[in-house]
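# Commentary on secondary and tertiary structure
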Amino acid sequence: MIAVLGLVVGVVAGLLVRPEVPAVVEPYLPIAVVAALDAVFGGLRAMLDGIFDDKVFVVSFLSNVVVAALIVFLGDKLGVGAQLSTGVVVVLGIRIFSNAAAIRRHVFRA
Amino acid sequence: MSNQDETQPEETPTTRLRRELPAEVPAAAPQADASEEAAESALTGRQRLVKGLWPPRVTRAQLIVAVLLFGLGFGLAVQVASNSDSSNALRGARQEDLVRILDELDDRSQRLEDEKQGLEKQRQELENSSDQAEEARKQTVEKEKQLGILAGTVAAQGPGITVTIEDTKGTVEADMLLDAIQELRAAGAEAIQVNGVRVVAGTYLTDSGESVSVDGNKINAPYRFKVIGKPQDLEPALNIPGGVVQTLEKEQATVTVERSTKIVVDALRAAEQPDYARSSSQ
């Protein structure tokens, strides 16, 4: 419950504050958000499976974000940033979908 | 990368695929509180979800997850806000994307510029050709009027003279009138009509009893010529010694010549298509 509240408060704060995104971070923010979403879905699934562990969640969340941003950064440096970020989004999207499928099976039994 | 890798064996077939991923998390982690785990494993996923949501419990796990989710929500909202800001649509774009977009725009504007030039050229050509057509049309109308005056298909007006030949004795004959017409033509008459009959190139005069026929139209004395031309030339041409006037007066006819600044020759004749003669000019 506290976790859901955290998400809601975060969205509201982001909409209200509307901070200027620093130009350095700007290309990586969308990818980082998608990676974090993937971690959250994975965590939710783990919770439904009864194997949720906060330490694992924290590590996977942060490492997801950092690795995704790193890949995009590396891609930019190599000149394939657009393609690599597309690849990252595709991979994360597939994972989110399969996690969502497992969650759905738990919640709706279907 | 995340917790999903530690699924339990009794899980659904998809987990088999998932298990092929390298396990990132040491399996020992969940065993920290094995008794609780055993109790929870009896619950279904749905029950666990409900239990996690209500009642709210302030645990370390909940707080940490809340902090992380706060970060996610914040980032999500910021990204969505900055993305939906249409004026800054290009702000988040990568340099190479911007270069590509710029190139595309350059290409596009170049293409449009070319197209514009082509269309302008076309417009100019059309304007020129319509100008030329207009000019040609004007010239044609002008020429038609000029030729119409010669052919007698249009009315004409201008300075000239009126010649009236009174023939009380009936002595005036066609050849005398023809002489008069020739003399007038020689003096520069441009349009002539006699008693309502237009005199043109093909006009012929014949005697018919007491009177004269012009182009088959019988006309009676007095013969009234309306002539457009330079009055100063026309009048002396008739009055020269031994000329038309003297010849007619010898035949007891009276001739009066009147100058006028405005003579209207309004007798018309129909334009006729020649049967044999064809224009040889191209």
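Residues numbered from 1 in each chain as written. Chains lettered and ligands numbered in written order. Predicted model: local features only at pLDDT ≥ 70, side-chain atom pairs only at ≥ 80, totals over all residues. Heavy atoms only, no water.

## What to know about the sheet that holds strand E6 (residues 217–219) of chain B
All names here are of chain B. What the 3 strands build is an open sheet, ordered E4-E5-E6; its pairing is antiparallel. Two strands lie at the open edges of the sheet, namely strand E4 (205–208) and E6, each paired on one side alone. The mean angle between the axes of side-by-side strands here comes to 35 degrees, regardless of whether they run parallel or antiparallel. The sheet contact formed by strand E5 (residues 211–214) and E6 spans 3 bridges and is antiparallel. For Val212, the partnering residue across the bridge sits in E6 and is Ile219. Sheet strands touched by helix H6 (residues 174–186): E4 and E5. Its angle to E4, the strand with the most contacts, is close to 155 degrees. (Pairing = 2+ DSSP bridges. Helix = DSSP H or I, 4+ residues; strand = E, 2+ residues; numbered from the N terminus. Axes fitted to C-alpha atoms, helices over the stretch in contact; angles between N-to-C directions. Contact = heavy atoms within 4.5 Å.)

## Let's talk about the UniProt feature "transmembrane region" (unreviewed entry) in chain B
As recorded in UniProt, the feature "transmembrane region" (unreviewed entry) lies at residues 61–81 of chain B. Helix makes up 100% of residues 61–81 of chain B and strand 0%, and the two end C-alpha atoms of the span are 30 Å apart. (UniProt positions renumbered as here; feature names shortened; annotations may be inferred.)

## Some thoughts on the environment of Ala35 of chain A
Residue and element names in this part refer to chain A. If you trace the backbone, Ala35 turns up in helix H2 (residues 29–49). Between the C-alpha atom of Ala35 and that of Leu92, which follows or precedes it by 57 residues, the distance is 6.5 Å. Not counting residues within four places of it along the chain, the set of residues in contact with Ala35 comprises Asn64, Val65, Ala68 and Leu92.

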